[in-house]
Amino acid sequence: NAGVTQTPKFQVLKTGQSMTLQCAQDMNHEYMSWYRQDPGMGLRLIHYSVGAGITDQGEVPNGYNVSRSTTEDFPLRLLSAAPSQTSVYFCASRAAGANVLTFGAGSRLTVL
Amino acid sequence: AQSVAQPEDQVNVAEGNPLTVKCTYSVSGNPYLFWYVQYPNRGLQFLLKYITGDNLVKGSYGFEAEFNKSQTSFHLKKPSALVSDSALYFCAVRAFTGGGNKLTFGTGTQLKVEL
């Protein structure tokens, strides 16, 4: 049972480049979410999804896009990377009606 | 809007001594409250939660937390700290009703347990 899998673990981008952070879970969880972690700011919610075909914005959605075409996958897209998006990104999921999130190991992104 | 405050960036404690990591919250209505722990270069792991019922909740690795509604606090405690408890601890809150699916985290408290 792999849980929540994030790829890549590390990525360096130049300003203006685009990329996709991948997140996959094998627990059949309906709810999936993306957080970013920055020093002194804790974790902030970027986007979340309560099921396939349904997404919504979190606290800091600007500069990020998401889609949820399947229950298993919830990719996070940066269309034009900026240095302010340098951060560690975490994907997390939970079953509908459950309260506890299962987190991936994180993806460290540096934008130069 | 819901929020969480962890007033201490770092807590230092000697091994074998009791530890407390503080958390206060603000939310409309009754809260769901959580503690998560993050070890270096890892994702967050669930420690314990308060949903309803007994104000003292027990979790993994000997940790416990006490829900205090009047003080809007949910402090994490352990009677005897271990060096292996050294990690980053996050408190989080979600509204019991009307909170949608948004879990709000505090800024984290670095716990350092020394020999």
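Caption draft 1: Broad picture of the overall build of chain A. When its secondary structure is counted, chain A shows zero helices and eleven strands. Counting from the amino terminus, chain A carries its helices and strands in the arrangement β-β-β-β-β-β-β-β-β-β-β. For chain A, the C-alpha radius of gyration of 13 Å lies close to 13 Å, the compact-globule estimate for 112 residues. Referenced to the eigenvectors of the C-alpha coordinate spread, the extents of chain A come out at roughly 40 × 25 × 25 Å. The proportion of buried residues among the 112 residues of chain A is 48%. Contacts in chain A between residues at least 24 apart in sequence constitute 52% of all its contacts with a sequence separation of at least 6. Only carbon and sulfur atoms are counted for the fraction: they give 52% of the accessible area of chain A, which is about 5000 Å². When the 8 basic and 7 acidic side-chain charges of chain A are each reduced to a single mean position, those positions are 10 Å apart.

Caption draft 2: Layout of the interface of chain A and chain B. At the junction of the two partners, chain A supplies 21 residues and chain B supplies 20 residues. Approximately 1600 Å² of surface area, both sides summed, lies buried where chain A meets chain B, with 55% of it carried by carbon and sulfur atoms. One can count four residue pairs in polar contact (both at pLDDT 80 or more) joining chain A with chain B.

Caption draft 3: Geometry of the nonpolar core. Within the largest apolar cluster, 29 residues are counted, with the highest numbers of intra-cluster contacts made by Trp35(B), Leu47(B), Leu48(B), Phe74(B), Leu76(B) and Tyr89(B). Among the elements that line this core, the one with the most residues is strand 10 (residues 87-95) of chain B, at five residues.

Caption draft 4: Spatial organisation of the sheet that holds strand 7 (residues 64-66) of chain A. Residue and element names in this part refer to chain A. Reading across from one edge, 1-3-8-7 is the order of the four strands in this open sheet, with antiparallel pairing throughout. Taken across any chain shown, the strands that pair with only one partner, and hence form the sheet edges, are strand 1 (4-7) and strand 7. Ignoring which end each strand starts from, the neighbouring axes of this sheet average 20 degrees apart.

Caption draft 5: Structural context of unusual backbone geometry. In this structure, Pro8(A) follows Thr7(A) across a cis peptide bond, with omega equal to -5 degrees. Here Pro8(A) is to be found in the loop between strand 1 and strand 2 (10-13). Unlike most non-glycine residues, Asn28(A) shows phi in positive territory, near 60 degrees. Within the secondary structure layout, Asn28(A) lies in the loop between strand 3 (19-25) and strand 4 (31-38). Overall, Asn28(A) belongs to the exposed group, its relative accessible area being 53%. One non-glycine residue with positive phi stands out, namely Thr72(B), at about 45 degrees. The topology assignment puts Thr72(B) in the loop between strand 8 (64-68) and strand 9 (73-78). Note on Thr72(B): relative accessible area 30%, which makes it partly exposed.

Caption draft 6: Representation of the pattern of salt bridges in the model. Throughout the structure, instances matching the rule amount to five salt bridges over all chains. In this structure, Lys78(B) engages Asp85(B) in a salt bridge whose closest nitrogen and oxygen atoms are separated by 2.8 Å. Here the two residues Lys78(B) and Asp85(B) agree in accessibility, since each one is buried. A salt bridge links Glu114(B) to Lys112(B), with the shortest nitrogen-to-oxygen separation between them at 3.8 Å. Among the charged side chains, a salt-bridge network with shared partners connects Arg36(A), Asp38(A) and Arg44(A).

Caption draft 7: Just the state of the cysteines, in detail. For the structure shown, the criterion picks out two disulfides over all chains. Between the sulfur atoms of Cys23(A) and its disulfide partner Cys91(A) the distance amounts to 1.9 Å. Measuring handedness by torsion sign, the sulfur bridge of Cys23(A) and Cys91(A) sits at about -70 degrees and is left-handed. Taken together, the residues Cys23(A) in strand 3 and Cys91(A) in strand 9 (residues 87-94) connect sequence positions 68 residues apart. For the pair formed by Cys23(A) and Cys91(A), the shared burial category is buried. Here Cys23(B) connects covalently by a disulfide to Cys91(B), the sulfurs 2.0 Å from one another. Across the S-S bond of Cys23(B) and Cys91(B) the torsion is about -65 degrees, and the bridge reads as left-handed. With a gap of 68 residues between them, Cys23(B) in the loop between strand 3 (19-21) and strand 4 (24-26) and Cys91(B) in strand 10 connect regions that are remote in the sequence.

Conventions used here
Residue numbers restart at each chain and count upward from 1, following the sequence in its written direction. Both sets of labels track the order of writing: A upward for chains, 1 upward for ligands. Two thresholds apply to this predicted model, a pLDDT of at least 70 for residue-level local features and 80 or more for giving and counting side-chain atom pairs, whereas whole-chain, interface and lining totals are computed over all residues. Side-chain metrics rest on all non-hydrogen atoms present in the structure, leaving aside hydrogens and water. Counting from the N terminus, the helices are DSSP H or I runs at least four residues long and the strands are E runs at least two residues long. We take the radius of gyration over the C-alpha atoms and set the globule estimate at 2.2 Å times the residue count to the 0.38 power. Exposure categories follow from relative accessible area, calculated using a 1.4 Å probe and restricted to protein chains: below 20% of the type maximum is buried, above 50% is exposed, and the middle band is partly exposed. The criterion used for residue contact is that any of the two residues' heavy atoms lie within 4.5 Å. Note on areas: Shrake-Rupley with a 1.4 Å probe; residue coverage comes only from the protein chains shown. His is not counted, nor are the chain ends, whereas Lys and Arg count as positive and Asp and Glu as negative. Note on charges: their place is set at NZ of Lys, CZ of Arg, CG of Asp or CD of Glu. Buried area is calculated as the accessible area (1.4 Å probe) missing from two parts once they are joined, with the contributions of both summed. A 3.5 Å cut-off defines polar contacts: any pair of N or O atoms within that distance qualifies, except that in protein one atom must be a possible hydrogen donor and the other a possible acceptor, and neighbouring residues in sequence count only when both atoms are side-chain atoms. Working definition of a nonpolar core: buried Ala, Val, Leu, Ile, Met, Phe, Trp, Tyr and Cys residues. They are joined through side-chain atoms within 4.5 Å. For two strands to be treated as a pair, DSSP must find at least two bridges joining them. In this description, a line fitted to the C-alpha atoms serves as the axis of each element, helices being fitted only across the stretch in contact, and the angle between N-to-C directions of two axes falls anywhere from 0 to 180 degrees. The term salt bridge refers to a side-chain nitrogen of Lys or Arg lying within 4 Å of a carboxyl oxygen of Asp or Glu. Disulfide: a pair of cysteine sulfur atoms within 2.5 Å of each other.

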